[in-house]
Amino acid sequence: MKTVLFAVPALMIAVPTAAQVMAPTEYVAAAGASDMYEITSSQVVLESTADPKIRRFAQMMITHHTKSTADVKAAAAKDRVTAPPPALNPLQTQLVTELRAQQGPARDAAYVTQQKTAHDQALSLHKAYAMQGSARALKSAAGKIVPVVQSHITMLNKM
């Protein structure tokens, strides 16, 4: 059996500090990248997982993160904020590549580890914008996304 190590970078998305307020376009781009990573990594794990818990979770990630992308996009339009279409950042691309290199239970384990880090960061991103954001509709959307991400974290902690 071949053992492959993978690393989960400490920061995949830019999250503002308490003294730093993220611009609406930065929030939309970071939220889009976060959702795209969740969707892409979940599609990768669905290609091979035999674990019904992982399969259900990955399918839910695709559904929930597709919805949050649509919600942020609609809120951005209300706030007249233009942002580029969602795209993975270089670290997220690396994580997806590492996930693709894994097989079987190793891929499942890598997926869960990556999801825990990604969701912690997504929670910080959405909480920060919900509290400090300057665009009203985006701020509201971020606030509605927070409990969904928190529920994902709860599920991941049970895996």
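Residues numbered from 1 in each chain as written. Predicted model: local features only at pLDDT ≥ 70, side-chain atom pairs only at ≥ 80, totals over all residues. Heavy atoms only, no water.

A. Representation of the environment of Ala137 in the model. Inspection of the secondary structure puts Ala137 in helix α5 (residues 136–157). Owing to a relative accessible area of 17%, Ala137 belongs among the buried residues under this scheme. When the C-alpha positions of Ala137 and Ala76 are compared, they lie 7.0 Å apart, and in sequence the two are 61 residues distant. (Helix = DSSP H or I, 4+ residues; strand = E, 2+ residues; numbered from the N terminus. Buried < 20%, exposed > 50% of the residue type's maximum accessible area, 1.4 Å probe, protein only.)

B. Highlighting the packing of aromatic side chains. The full count for this structure, using the stated rule, is two aromatic pairs. Ring centres of Phe57 and Tyr111 lie 6.3 Å apart, and the angle between their planes is 70°; on these two criteria the pair is classed as edge-to-face. Here the residue Phe57 occupies a position in helix α2 (residues 52–78), and Tyr111 occupies one in helix α4 (residues 104–132), the gap between them amounting to 54 residues. In terms of burial, Phe57 and Tyr111 fall into one category: buried. (Phe/Tyr/Trp six-rings, centres within 6.5 Å; stacked < 30°, edge-to-face > 60°.)

C. Here's a closer look at the confidence of the model for the protein. For the protein, per-residue confidence averages 87 on the pLDDT scale, and 87% of positions sit at 70 or higher. Low pLDDT (under 50) marks residues 1–19, which in the prediction has 43 contacts with non-local residues, meaning those over four places away or in another chain. (pLDDT = per-residue confidence, 0-100. Contact = heavy atoms within 4.5 Å.)

D. Inspection of the packing of helix α1 (residues 24–46) against helix α3 (residues 90–101) at higher detail. Axis separation between α1 and α3 bottoms out at 10 Å; the angle between their running directions is 10°. In this view, α1 runs roughly parallel relative to α3, as classed from their interaxial angle. Residues Ala33, Ser34, Tyr37, Thr40, Ser41 and Val44 of α1 form the contact with α3, whose own contacting residues are Gln92, Leu95, Val96, Leu99 and Arg100. Looking at the contact of α1 with α3 residue by residue, the class counts come to six nonpolar, four polar and one charged. (Axes fitted to C-alpha atoms, helices over the stretch in contact; angles between N-to-C directions. Parallel < 35°, antiparallel > 145°, perpendicular 65-115°, else oblique. Nonpolar A, V, L, I, M, F, W, Y, C, P; charged D, E, K, R; others polar.)

E. Inspection of the environment of Ser134 at higher detail. Turning to its location among the elements, Ser134 is positioned in the loop between α4 and α5. When its relative accessible area of 57% is taken as the criterion, Ser134 is described as exposed. When residues no more than four places from it in sequence are discounted, the contact partners of Ser134 are Pro24 and Tyr129.

F. Just unusual backbone geometry, in detail. One non-glycine residue with positive phi stands out, namely Arg80, at about 60°. Relative to the assigned elements, Arg80 resides in the loop between α2 and α3.

G. Representation of the packing of α4 against α5 in the model. Running from N to C, α4 and α5 point in directions that differ by 155°, and their axes come no closer than 8 Å. Between α4 and α5, the crossing angle belongs to the class labelled roughly antiparallel. The interaxial crossing formed by α4 with α5 has left-handed handedness. Every residue of α5 that contacts α4 at Val112, Gln115, Lys116, His119, Asp120, Ala122, Leu123, His126, Lys127, Tyr129, Ala130 and Met131 is listed here: Leu138, Lys139, Ala142, Gly143, Ile145, Val146, Val149, Gln150, His152, Ile153, Leu156 and Asn157. Residue composition of the contact of α4 with α5, by class: 13 nonpolar, seven polar and four charged. (Left-handed = near helix turned anticlockwise from the far one by under 90°.)

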